[in-house]
Every structure is written in C-alpha cells, then in structure tokens.
Amino acid sequence: VQLQASGGGLVQAGGSLRLSCSFSGGTLRRYSTGWFRQTPGNEREFVAAFKWTDGSTAYADSVKGRFAMSRDNAKNTVYLQMNSLKIEDTAVYFCAAGTRIITSTMGLPRHYDFWGQGTLVTVSS
C-alpha cells in the first residue's frame, strides 16, 4: 500500500485548503484512514480519522467544525477539507491507513500501518 498526500500550500488565516491523499496497492474501502499533523520538535498529532468498519469519523477538538474528512473509494482518494484556517494549523499533514483500527485507536499514530510523505500547510496572518 502506498499513500501520497498533496494539496498543501500557503494560505491566509481564515482561508481554506483541501488536502488529498491518493491510495494505491489495496482496496481503500477496507482501510481506515486518518490525517495527522506535525510541527518541528513535536509529536505527530491526530487531526481526523474514518473507520471503515462502521463509517464513523472522529476529529480532534481543535479542528471540529472547521475540518471535514471524506473519501472517494472509486477514485482511491481521501480528502481533508480545511476551513477557517488558523495560524496554529500550520504543520506538515500526513495521511495514514490501517486495517485494524478500532474506535479507541483512531487517534493513535502507532496503530496505522501505512503513511504518506506529508504535505506542508502554512497559515499566515
């Protein structure tokens, strides 16, 4: 399985970006997927996740109401729509996939088996 994130860039605070994550080498609909982000010197932080077994989603409190995760199984692509961006959203964003994700592990990076290379999102004032 390979993942490739794209769509990052420079945006002003209050603006929007949509990240994409292309998925190959497997059947996307049988994988749970997640978005994480990381800033220099910090651990990877949970942003959003989708659990394939029941279609449930989860979001970090810091992005609830602003970010929305979706996926198109036919296109083998996962998306993260980011609205009302804040300076503190600046980070490298990673997409991840796993087959054994359960509710309690949706936000834990170590439970995901496959990772994309990351895409940088910079939010300016």
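Each remark here, short or long, concerns the structure printed above.
Nothing here was measured: the structure is a model prediction, and the numbers come from that model. (Residues numbered from 1 in each chain as written. Predicted model: local features only at pLDDT ≥ 70, side-chain atom pairs only at ≥ 80, totals over all residues. Heavy atoms only, no water.)

> Help me get a handle on the overall build of the protein, residues and values and all.
On a plain count of helices and strands, the protein comes out with 0 helices and 11 strands. Element order for the protein, N to C, with α for helix and β for strand: β-β-β-β-β-β-β-β-β-β-β. Its C-alpha atoms give the protein a radius of gyration of 13 Å, within 12% of the compact-globule value 14 Å for 125 residues. Each of the three principal axes of the protein carries a C-alpha extent, and together these read 40 × 30 × 25 Å. Of all 125 residues assigned to the protein, the portion counted as buried reaches 42%. As displayed, the protein has an accessible area near 6,300 Å², and 48% of this comes from carbon and sulfur atoms. Measuring between centres, the 13 positive side-chain charges of the protein sit 7 Å from its 8 negative side-chain charges. (Helix = DSSP H or I, 4+ residues; strand = E, 2+ residues; numbered from the N terminus. Rg over C-alpha atoms; globule rule 2.2 N^0.38 Å. Buried < 20%, exposed > 50% of the residue type's maximum accessible area, 1.4 Å probe, protein only. Areas by Shrake-Rupley, 256 points an atom, 1.4 Å probe, with all protein chains shown as cover. Lys, Arg positive; Asp, Glu negative; His and termini not counted. Charge placed at Lys NZ, Arg CZ, Asp CG, Glu CD.)

> Account for the sheet that holds strand E1 (residues 2-6), naming residues and giving values.
Across the sheet, 4 strands lie side by side as E1-E3-E8-E7; this open sheet has antiparallel pairing. Edge strands, defined here as strands with exactly one partner in the open sheet, are E1 and strand E7 (67-72). Taking the axes of each pair of neighbouring strands and ignoring which way they run, one obtains an average angle of 15° across the sheet. Bridge count for E1 against strand E3 (residues 17-24) is 5 bridges, and the pairing is antiparallel. Looking at the pairing, Gln4 lines up with Ser22 of E3. (Pairing = 2+ DSSP bridges. Axes fitted to C-alpha atoms, helices over the stretch in contact; angles between N-to-C directions.)

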